[in-house]
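What follows is the residue order along each chain.
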Amino acid sequence: MKLKNHRPSTRLIREARAMPKKRHLGRWIYVGILVMVGVWAFDVFFGHFFFLRGDGLVVARPYVVASEYIGTVRDITVRQGDRVKRGDVVAHLSSRQYDEQLARLRFELSNLSADRARISSQLAGTRELVSVARKRLKSAEAFREKLETGLKNGLSTGTALNTAYEREYSAREDLERITSDIVTLRAEVKALYQQIDQRYVLIHDIEESYDEGRLVAPESGIVTDVSAIESSVMRPGNPIMTIAAGKPYVLAYFENGSLYEINPGQEVLMYYGTRSLEGRVTSLLPVSEQLPEEFQRSFQPTGRAQIAEVEITTPENQPPLFAKLEIGGGLFSSIRRLFDWLLAT
């Protein structure tokens, strides 16, 4: 048996090589990105069901400065953002209606004063006639008594006595008329005094209410809105400006349908840019489709919402009025806030 001479093969045997570490790292990065995207999508679409999340607006109690009468704005002494104190003059108005009322009342007051002076003078003159009328009546009575005595003694006639009766009657009638006139004049003077006092009270009330057209701040605070301009005509009740007064608080809006409950006294975290604030829910407002005015200007939800008032317990990080806040958060809320802040700046 002839054996073949086998030559050693020169072909290289491929051995299994270890995969480079860079390829493993890229695969882990890819998987990590997929996981992060999945968690982000879950947080965006379903996070509000599991995590306390809402929007807020920093507000204060609004006080409206309005006129009680029709007037023209002559001057506005403050601007939006100015701080005012209670009683500070914030605007000046002029009112033709008040000017006409004051002119009419002063004219009536002048006429009443003239009537009072005239009737008072007439009353004084009438009082002076009382003594004369009484003397005349006394004289007529004495003359009549003498004639009656003379008639008994046969010294006078009946005709003379009748004449004495007529004189006495006339004197008594004049005295009664003068006395009645005095009572009437006194009543007229008293009525005139009352009417004059009423005119003075009306003039005082109008002048106090008008206050020369000055409008003052009802409370100390910040002017948040000036809705009137100079030379514009304002009707009673039309707002000229709004002043935010008192301690600021957060008006919070939470969507319905979440799996968590909000209760008064609950502690919440709020975020303003990169700053965080602590707060406490003080009250829950009734669920309503119509939100407060200062809330509608920033948030306009299309459905029903749960509204809450939140007290800011960290005043050192107090944001400005009408600043938008984010309340609570989710898995990626901090990262999202950071990216939002970077895009905004």
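An account of the accompanying structure is given in this report. (Residues numbered from 1 in each chain as written. Predicted model: local features only at pLDDT ≥ 70, side-chain atom pairs only at ≥ 80, totals over all residues. Heavy atoms only, no water.)

Focus on helix H3 (residues 158-210)
Logical step 1: Helix length check: H3, at 53 residues, gives a terminal C-alpha distance of 77 Å against a target of 78 Å (1.5 Å per residue), a fit within 8%.
Logical step 2: Positioned one or two residues after H3, aspartate 211 has a phi angle of 50°, which is positive. (Helix = DSSP H or I, 4+ residues; strand = E, 2+ residues; numbered from the N terminus. Expected span 1.5 Å × (residues − 1).)

Quick word on the nonpolar core
Logical step 1: By size, the foremost hydrophobic cluster in this structure holds 39 residues, and its most contacted members are Val84, Val90, Leu93, Leu215, Ile240 and Met241.
Logical step 2: When contributions to this core are tallied by element, the ones reaching two or more residues are strand S2 (71-76), strand S4 (89-94), helix H2 (96-152), H3 and strand S8 (239-255).
Logical step 3: Look past the residues within four positions of leucine 93 in its chain and what remains in contact with it is Ser67, Tyr69, Gly71, Thr72, Val73, Arg74, Tyr210, Glu212, Gly213, Leu215 and Ile240.
Logical step 4: Formed by 15 residues, the second largest nonpolar core is a distinct cluster that contains Phe254, Val281, Ala308 and Val310. (Core = buried A, V, L, I, M, F, W, Y, C linked by side-chain atoms within 4.5 Å. Buried < 20%, exposed > 50% of the residue type's maximum accessible area, 1.4 Å probe, protein only. Contact = heavy atoms within 4.5 Å.)

Thoughts on the packing of aromatic side chains
Logical step 1: What the rule picks out here adds up to 3 aromatic pairs.
Logical step 2: An angle of 50° between the planes, with centres 4.4 Å apart, marks the rings of tyrosine 69 and tyrosine 98 as tilted. Of this pair, tyrosine 69 sits in the loop between strand S1 (53-66) and S2 while tyrosine 98 sits in helix H2, placing them 29 residues apart in sequence.
Logical step 3: Since its relative accessible area comes to 10%, tyrosine 98 is described here as buried.
Logical step 4: A centroid spacing of 5.5 Å and a plane angle of 70° characterise the contact between tyrosine 69 and tyrosine 210, whose relative ring orientation is edge-to-face. Taken together, the positions of tyrosine 69 in the loop between S1 and S2 and tyrosine 210 in helix H3 put the pair 141 residues apart, joining distant regions of the chain.
Logical step 5: Classification of tyrosine 69 as buried rests on a relative accessible area of 3%.
Logical step 6: Here the guanidinium or amino end of arginine 167 rests over the ring plane of phenylalanine 143, the centre of that ring lying 4.8 Å away. (Phe/Tyr/Trp six-rings, centres within 6.5 Å; stacked < 30°, edge-to-face > 60°. Lys NZ or Arg CZ within 6 Å of the ring centre and 35° of its normal.)

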